[in-house]
Number of protein chains: 2
Amino acid sequence: MLNPLIRKLARGAELSADDRRTVEEAITDVRQIGPRQDLIREGDRPDEVHLILEGFACRYKTLADGQRQIMAFLVPGDICDLHVAILGAMDHGIGTLSACTVAFIPQTTVAVLAEKHPAIIRALWWNTLVDEGILREWLVSMGRRPADKQMAHLFCELLVRLESVGLAKDNGFEFPLTQEELADALGLSPVHTNRVLTQLRDDGLIRLSGKRLDILDLDRLCTYAGFDPAYLHLTKRRAS
Amino acid sequence: MLNPLIRKLARGAELSADDRRTVEEAITDVRQIGPRQDLIREGDRPDEVHLILEGFACRYKTLADGQRQIMAFLVPGDICDLHVAILGAMDHGIGTLSACTVAFIPQTTVAVLAEKHPAIIRALWWNTLVDEGILREWLVSMGRRPADKQMAHLFCELLVRLESVGLAKDNGFEFPLTQEELADALGLSPVHTNRVLTQLRDDGLIRLSGKRLDILDLDRLCTYAGFDPAYLHLTKRRAS
DNA sequence: CGGCATTTTGACAATCGTCAATCAGTGTGG
DNA sequence: CCACACTGATTGACGATTGTCAAAATGCCG
């Protein structure tokens, strides 16, 4: 399988064949991680960068009263913590949701890339900035969209993101999350999440069974959610 | 007055006297902007970077139905759009709230800095990453904190941020926003914002009159909000 | 003083959360 | 194969938070 990171970066930045090979070669330490494991905890200063190759992970914070807020879904091709080298300590945790395949890339390798392959670093920064755009859109969703549209918007976003790394087919994709985890991402209670999900199903917009999510009427779902993919900055080129 | 950007960057990164002078010299085009003016609109590709020197501005998005969500407050020392050069088009707007003094710095100047003063660029990236941390904390607030604690948390954050650029005194600062603008940042209705504000006042936690916000009992407000300033990454050094 | 934006208040409605029970699916051991 | 336990999904009843609408009060500025 083509490395999902390269596949994604190629959409937003210019990478030469040499750059791509360099990225491939940086991925040597690949590990299988079980579901619901922490990759990094708040306060850590990891000396490796983590790249998701398979599975779903998330950024999250846990409040003093035990509530959890998921701040981002990390899917194949996503880098978890490029910023730690600059920021110092992690201000949030990163954990797997499903079982994941994760590449551990030493900071020293990243530093070498920065030195010798500026195009790669630029592409990685592009990626980081897209993630920030996603974060902003989540904030908009939580602040100004009712729960049903917020959820619809999230599903639209995931479809586009997973398509960009070749993991969506026929407007559907693997979605190995419990409703409780989905609730933690939406800022809702699990019960209300269930009700909203039921409503979207009853409206014929989606089907969620087993661990697969199918979008039955993409146009209508996008309209319903007010989804405009511009914030994903994926328009430069088509997948090759 | 000491340039607030330099003051802030000095807290999180190492800048030599030469670096500081270089930053000073990059600020030549300084303009006065009235309140409620757009600096950049969604879709723009500005060829200047904007730096707030005085006043309050914000990042925002407007939905199709006219609702607005403010995604960040930009205060003196904050850079609005360092990322545009990498991302292409703006996926959100930036507008002033109060009257502002804004430095317009050409992208070419930034490119020269990147070439000749890596420490400055590194400091600017540090700043961008802190902004991302703030965004994550806002998401947590919106998702998992009730309105009163969310507002309390925001006030704690603003105090720390404004202190770091020398704009807070005696646990108070200029806060030139209407309640409607505050509501757009919190994701609340203006009416509910007013009620929560009244409650915080009645609890003796804050005073908000005219355009000044005073925190009357900082310890209690921080406890109430569950505020932990770690995410602001301002711990490396004291203000000099 | 008059005009206007902003703040404040009350009454009521909608959304969402909590609690508790039930149902469904899955895997285990006998 | 079935009994059992366990997790996750679903449903109902009810309560809390937040939104909406409309009016009144306040403050600011010419």
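Each chain carries its own residue numbering, running from 1 in the written order of its sequence. Each chain gets a letter, beginning with A, and each ligand a number, beginning with 1, in the order they are written. Given that this is a predicted model, residues contribute local features only at a pLDDT of at least 70 and side-chain atom pairs are listed and counted only at 80 or more, while totals for whole chains, interfaces and linings are drawn from all residues. Neither water nor hydrogens contribute to the side-chain values; these are computed over all heavy atoms in the structure.

The next thing to look at is the relation of the copies chain B and chain A. Superposition of the copies was done by least squares, using only C-alpha atoms of residues whose pLDDT is at least 70 in both. Expressed as a screw operation, the relation of chain B to chain A combines 0.0 Å of axial shift with a rotation of 180°, fitting to an RMSD of 0.0 Å. Interpreted geometrically, this transformation is the action of a two-fold axis. For chain B, the residue whose C-alpha comes nearest the rotation axis is Leu-139 of chain B, separated from it by 2.8 Å. Here 100% of the contact residues of chain B are again contact residues in chain A; the copies associate through an equivalent surface. Throughout, a residue-residue contact means that at least one pair of heavy atoms, one from each residue, lies within 4.5 Å.

So, on to the protein's contact with DNA strand D. Summary of the distance rule: residues count as near a molecule or strand when at least one heavy atom falls within 4 Å of that molecule or strand. For DNA strand D, the set of nearby residues contains 15 residues, the closest of which are Gln-179, Asn-194, Arg-195 and Arg-201 of chain A together with Ala-147 of chain B. In the interface set of DNA strand D, defined as its atoms within 4 Å of the protein, sugar plus phosphate atoms amount to 61%. Counted as a polar contact is a pair of N or O atoms within 3.5 Å, where, for protein atoms, one must be capable of donating a hydrogen and the other of accepting one, and residues adjacent in sequence contribute only when both atoms are in side chains. Between DNA strand D and Asn-194 of chain A, the relevant distance is 2.6 Å, taken from a phosphate oxygen to a side-chain nitrogen or oxygen of the residue. Measuring from a phosphate oxygen of DNA strand D, one finds a side-chain N or O atom of Arg-201 of chain A at 3.1 Å. Numbering goes from the N terminus for both helices and strands, where a helix is a DSSP run of H or I of at least four residues and a strand is a run of E of at least two. Contributions of two or more residues to the surface near DNA strand D are made by helix H8 (190-202) of chain A together with helix H8 (190-202) of chain B.

A separate point is the protein's contact with DNA strand C. Inspection of the region around DNA strand C gives 15 residues, with Arg-36, Gln-179, Asn-194, Arg-195 and Arg-201 of chain B positioned closest. Atoms of DNA strand C within 4 Å of the protein belong to the sugar or the phosphate in 63% of instances, the rest to bases. Ser-189 of chain A is positioned with one of its side-chain polar atoms (N or O) 3.1 Å from a phosphate oxygen of DNA strand C. At 3.0 Å from a phosphate oxygen of DNA strand C is found a side-chain nitrogen or oxygen belonging to Arg-36 of chain B. Considering each element in turn, the surface near DNA strand C owes the most residues, 4 residues, to H8 of chain B. When residues are sorted by character, Ala, Val, Leu, Ile, Met, Phe, Trp, Tyr, Cys and Pro go into the nonpolar class, Asp, Glu, Lys and Arg into the charged class, and all the rest, Gly among them, into the polar class. Looking at side-chain class alone, the surface near DNA strand C contains 5 nonpolar, 6 polar and 4 charged residues.

Here the focus is the state of the cysteines. Residues and elements named next belong to chain A. Cysteine sulfur pairs qualify as disulfides if the two atoms are within 2.5 Å. One pass over the full model with this rule turns up 0 disulfides over all chains. Cysteine Cys-58 remains unbridged, with the sulfur of Cys-100 as its closest cysteine sulfur at 9.4 Å. Relative accessible area decides the class of each residue, using a 1.4 Å probe on protein chains only: under 20% of the type maximum gives buried, over 50% gives exposed, and in between gives partly exposed. According to the relative accessible area criterion, Cys-58 is buried, its value standing at 1%.

Time to look at the packing of helix H1 (residues 4-12) of chain B against helix H5 (residues 118-144) of chain B. Residue and element names in this part refer to chain B. Taken N-terminus to C-terminus, the directions of H1 and H5 make an angle of 85°; their axes are 10 Å apart at the nearest point. In terms of their interaxial angle, H1 and H5 are classed as roughly perpendicular. Residues Lys-8, Leu-9 and Gly-12 of H1 pack against Ala-123, Leu-124, Trp-126 and Asn-127 of H5. Looking at the contact of H1 with H5 residue by residue, the classes come out as 4 nonpolar, 2 polar and 1 charged. The angle between two axes is taken between their N-to-C directions and runs from 0 to 180 degrees, where each axis is a line fitted to C-alpha atoms and a helix contributes only its stretch in contact. Relative orientations are named as follows: roughly parallel for angles under 35 degrees, roughly antiparallel for angles over 145 degrees, roughly perpendicular for angles from 65 to 115 degrees, and oblique for any other angle.

All names here are of chain A. Domain annotation for chain A reports domain 1 (3-123) and domain 2 (133-232). Residue ranges for the domains trace back to a domain assignment, done automatically or taken from a database. Distance between the C-alpha centres of domain 1 and domain 2: 23 Å. Residue-level contacts link 18 residues of domain 1 with 20 residues of domain 2. Note on definitions: buried area is the accessible-area loss of two parts on being combined, 1.4 Å probe, summed for both. Buried surface at the junction of domain 1 and domain 2, summed over both partners, amounts to about 1700 Å²; 64% is from carbon and sulfur atoms. The salt bridge criterion pairs a side-chain nitrogen of Lys or Arg with a carboxyl oxygen of Asp or Glu, the two atoms within 4 Å. In this structure, Glu-181 engages Arg-36 in a salt bridge whose closest nitrogen and oxygen atoms are separated by 3.5 Å. Here domain 1 and domain 2 share 7 residue pairs in polar contact (both at pLDDT 80 or more) between them. Elements represented by at least two residues in the side of domain 1 that touches domain 2 include exactly helix H1 (4-12) and strand S5 (68-74). Broken down by element, the residue count for the side of domain 1 that touches domain 2 peaks at 7 residues, all from S5. Classifying every residue of the side of domain 1 that touches domain 2 gives 10 nonpolar, 2 polar and 6 charged.

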